[in-house]
Amino acid sequence: MKKCILGLIIIVVIVIFQSCTLGPRRVNCSAFPEWFCQYAPYAEGSLIRYTNGTDTMQFDIKSIYKGKEYKNDVGCKCQCSNYFTAEGLTNDSIKLYILISLSETSFGYGISCNISDDASYIGSKCDKNPFKEKNFAEYDDTLRLDNQYNKRFSDMVIVKGKGLAEFYDKENNCTWRLVE
């Protein structure tokens, strides 16, 4: 009987030890992938201009942020995600804010402008994990994100190597195109 109890105690101790050492771990999440930055090739101090055929907006890129590598909490069953931002400013103090957010199953591209209360964000599911560079070839050179539900901006066109190339401005009923 003592051998049986001793055997059970040993088994319980082993199970407890393994659950503590082999249990939930922190998951390493990648930094915002460098190769995906080709969809937002902006640098601090660079200028980007848009025209609607009549007017022109020119933004001086003041700041860039690329998400860094991080670890998810112990036991977290969440997906890894990360983001990129570029903030620009005109001479008239109009701010442009561009956001790209990525998760393992989706990406989103957003723009907001302080001339409007509406931040337009268009998300899309993706079939291939954007954090894996081997999936780079799966993404087209031109990404079209159509959304008629945002109040101000919709129908964005993002081009690899150029960034936000075109977007529709509902308030002014015009399309703004990148001036190259």
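Reference entry: report on the structure contained in this document. Quantities reported herein were computed from a predicted structural model and do not represent experimental measurements. (Residues numbered from 1 in each chain as written. Predicted model: local features only at pLDDT ≥ 70, side-chain atom pairs only at ≥ 80, totals over all residues. Heavy atoms only, no water.)

Regarding the overall build of the chain
Part 1 of the reasoning: In terms of regular secondary structure, the chain is built from 1 helix and 12 strands.
Part 2 of the reasoning: Start at the N end of the chain and walk to the C end: the helices and strands fall as α-β-β-β-β-β-β-β-β-β-β-β-β.
Part 3 of the reasoning: Counting across all 180 residues of the chain, residues that qualify as buried make up 37%.
Part 4 of the reasoning: In the chain, the proportion of contacts linking residues at least 24 apart, taken out of those at least 6 apart, comes to 48%.
Part 5 of the reasoning: For the chain, the exposed surface amounts to about 11,200 Å²; the carbon and sulfur share of it is 52%. (Helix = DSSP H or I, 4+ residues; strand = E, 2+ residues; numbered from the N terminus. Buried < 20%, exposed > 50% of the residue type's maximum accessible area, 1.4 Å probe, protein only. Contact = heavy atoms within 4.5 Å. Areas by Shrake-Rupley, 256 points an atom, 1.4 Å probe, with all protein chains shown as cover.)

Comments concerning the pairing of strand β12 (residues 174–179)
In the case of a regular strand, side chains alternate between the two sheet surfaces.
Part 1 of the reasoning: Note: strand β2 (residues 47–51) against β12, 3 bridges, orientation antiparallel. What sits directly across from T51, in β12, is R177.
Part 2 of the reasoning: With 4 bridges joining them, strand β11 (residues 163–169) and β12 adopt antiparallel strand pairing. Note that in β12 the partner of Y168 across the bridge is T175.
Part 3 of the reasoning: Here β11 folds back onto β12, and the loop between the two strands holds 4 residues, one of which, N173, carries a positive phi near 50°. (Pairing = 2+ DSSP bridges.)

Examining the nonpolar core
Part 1 of the reasoning: Y42, Y50, Y109, L164 and F167 are the most contacted members of the largest nonpolar core, which totals 33 residues.
Part 2 of the reasoning: In terms of residue count, the dominant contributor to this core is strand β6 (residues 95–103) (4 residues).
Part 3 of the reasoning: Among all residues touching Y42, those that are not within four sequence positions of it are I48, Y50, I61, I64, F84, A86, I98, Y109, K162, G163 and L164. (Core = buried A, V, L, I, M, F, W, Y, C linked by side-chain atoms within 4.5 Å.)

Remarks on the packing of aromatic side chains
Part 1 of the reasoning: Per the counting criterion, the structure on display carries 6 aromatic pairs.
Part 2 of the reasoning: Measuring from centroid to centroid gives 5.3 Å for Y50 and F167, while their planes differ by 70°, and the two rings are edge-to-face. Of this pair, Y50 sits in strand β2 while F167 sits in strand β11, and the two are 117 residues apart along the sequence. As far as burial versus exposure is concerned, Y50 and F167 are alike and both buried. (Phe/Tyr/Trp six-rings, centres within 6.5 Å; stacked < 30°, edge-to-face > 60°.)

Comments concerning the pattern of salt bridges
Part 1 of the reasoning: Enumeration over the complete set of coordinates arrives at 5 salt bridges.
Part 2 of the reasoning: A salt bridge links K62 to D60; the nearest nitrogen and oxygen atoms lie 2.9 Å apart.
Part 3 of the reasoning: Of the charged contacts in the structure, one is a salt bridge between D141 and K160, with a shortest N-O distance of 3.3 Å. In this pair, D141 sits in the loop between β8 (119–125) and β9 (142–145) while K160 sits in the loop between β10 (153–159) and β11, placing the two residues 19 residues apart along the sequence. (Salt bridge = Lys/Arg side-chain N within 4 Å of Asp/Glu carboxyl O.)

Considering the environment of D140
Part 1 of the reasoning: Along the chain, the position of D140 falls in the loop between β8 and β9.
Part 2 of the reasoning: Along the sequence, D140 and V159 sit 19 residues apart, while their C-alpha atoms lie 8.6 Å from each other.

Quick look at the environment of Y42
Part 1 of the reasoning: Counting through the fold element by element, Y42 comes out in the loop between β1 (28–29) and β2.
Part 2 of the reasoning: Separated by 119 residues in sequence, Y42 and G161 place their C-alpha atoms 9.4 Å apart.
Part 3 of the reasoning: At a separation of 2.8 Å, a polar atom in the side chain of Y42 contacts the main-chain amide nitrogen of L164. (Polar contact = N/O pair within 3.5 Å; in protein donor to acceptor, adjacent residues only side chain to side chain.)

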